[in-house]
Amino acid sequence: MDTGTHIVMGFALGGLATLDPVVAESAASSQSVLVAAVIGSQIPDIDTVLKLRNNAVYIRHHRGVTHSIPAVILWPLLIVACLYPFFPGADLLHLWIWTFVAVFLHVFVDIFNAYGTQAIRPISSKWVALGVINTFDAIIFAIHVVGLILWGLGLPPGKTFLIMYIVIFAYYVLRFQVQKAVKNAVKRRIPKAEKIIVSPTIRFFQWRLAIVTKEHYYVARAFRRSITIFDKFERVKLPDSPIINAASKDKNLAAFLSFSPVYRWEVDEYDDHYEVRFIDLRYRNNGHYPFVALVQLDKDLKIISSYTGWVFSEEKLRSKVDIDILID
């Protein structure tokens, strides 16, 4: 989820913790749990700082190690170790329990969007992405905000947020039902579909679709049970060629391939260099595919320049590479 949603979730969890008698009866415990819940709801996303290095490092590692099983165990211990000296009267066990819940809940809710996490690492480095909830869901955010307002108006936070989470649970169930209906509609439209990648949007009934058959890739949009196909690409196996093999050694392309489950590729030859482009098919936006990897190689197949990330125009992409080239 987005940062704002994780923040309101942290406050809501701190309010829910007042249902715990040990927390409720001690000011030190309730205050420390609230602070720990807010921090715990944010700390797995500390890997966002990797973007300061480059996109390749960020794409390969964001929601990776910091969202893994060992991290979910270690983050609460670190938070409690830092907070407890400031709240010596707090119950240590219950402070740890609620901090753990906050960290776990952060990682858990992240698996429901299209980006996903490596939540079962080190058992597997597979990305777990259920594609049910958008990264920012206005309904979930609004429910949390309403709950916080009611708390501020004097309603008991424990019962308020318990009811809130029951409502959100029902909302998740509804989203799964809508997603299932969309997948069934795709199967009726494209019976040969082998894989259907469904990505939610900010609109409740609208979904992005990347569909894989034996021969083709389809890029589509669903609104309710209506499927609109925008693009159809021939599914061409990646060749074992010197150009592709040389480009595959690039860190930006390697990061792209570690993250993208469905893509098409292009190889263009110019007077003085080659250009290899990989295009993720999940994120079509206004006729453009913004998540790409671009590798430029000279005639000796040495990598000259490369880039991976989200760009929303060809001009912007060109500004990201290091060499000036003329495109017909």
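See above for the structure.
This write-up is about the structure you can find in this document. No experiment lies behind these values; they were computed from the predicted model shown.

### Re the overall build of the protein chain
Looking only at helices and strands, the protein chain features 11 helices and 8 strands. Overall size of the protein chain, expressed as C-alpha extent along the three principal axes, is 75 × 45 × 35 Å. With 328 residues in all, the protein chain has 49% of them scored as buried. Charge-centre separation for the protein chain: the mean point of 35 positive side chains lies 10 Å from the mean point of 28 negative side chains.

### As for helix 3 (residues 27-40)
Compared with an ideal rise of 1.5 Å per residue, which puts 14 residues at 20 Å, helix 3 spans 19 Å between its outermost C-alpha atoms and is within 8% of the ideal. S29, S32, V33, A36, A37, V38 and G40 are the residues of helix 3 that are buried. Capping the start of helix 3, S26 holds a side-chain oxygen 3.4 Å from the backbone nitrogen of A28, two or three residues further along.

### Remarks on the sheet that holds strand 8 (residues 303-310)
Strand order in the open sheet formed by 4 strands is 5-6-7-8, with antiparallel pairing between adjacent strands. Because the sheet does not close on itself, it has two edges, and the strands there are strand 5 (263-269) and strand 8. Here the strands of the sheet are splayed against their neighbours by 10° on average, with no regard to which way each runs. Of the strands in this sheet, strand 5, strand 6 (273-280), strand 7 (291-298) and strand 8 are in contact with helix 10 (residues 251-259), which crosses strand 7 at around 150°.

### Some thoughts on the packing of aromatic side chains
Per the stated rule, a full pass over the model turns up 23 aromatic pairs. On the basis of an interplanar angle of 20° and a centroid distance of 6.2 Å, the ring pair of F100 and F104 is categorised as stacked. Here the residue F100 and the residue F104 both occupy positions in helix 6 (residues 92-110), the gap between them amounting to 4 residues, near one helical turn. Aromatic pair Y263 and F278: ring centres 5.4 Å apart, planes at 55°, arrangement tilted. Of this pair, Y263 sits in strand 5 while F278 sits in strand 6, and the two are 15 residues apart along the sequence. We classify F278 as buried; its relative accessible area is 1%. Among the aromatic residues, ring-to-ring pairing joins Y115, W127, F256, F259, Y263, F278, Y283, F291 and W310 into one connected group.

Basis of the calculations
- Residues numbered from 1 in each chain as written.
- Predicted model: local features only at pLDDT ≥ 70, side-chain atom pairs only at ≥ 80, totals over all residues.
- Heavy atoms only, no water.
- Helix = DSSP H or I, 4+ residues; strand = E, 2+ residues; numbered from the N terminus.
- Buried < 20%, exposed > 50% of the residue type's maximum accessible area, 1.4 Å probe, protein only.
- Lys, Arg positive; Asp, Glu negative; His and termini not counted.
- Charge placed at Lys NZ, Arg CZ, Asp CG, Glu CD.
- Expected span 1.5 Å × (residues − 1).
- Polar contact = N/O pair within 3.5 Å; in protein donor to acceptor, adjacent residues only side chain to side chain.
- Pairing = 2+ DSSP bridges.
- Axes fitted to C-alpha atoms, helices over the stretch in contact; angles between N-to-C directions.
- Contact = heavy atoms within 4.5 Å.
- Phe/Tyr/Trp six-rings, centres within 6.5 Å; stacked < 30°, edge-to-face > 60°.

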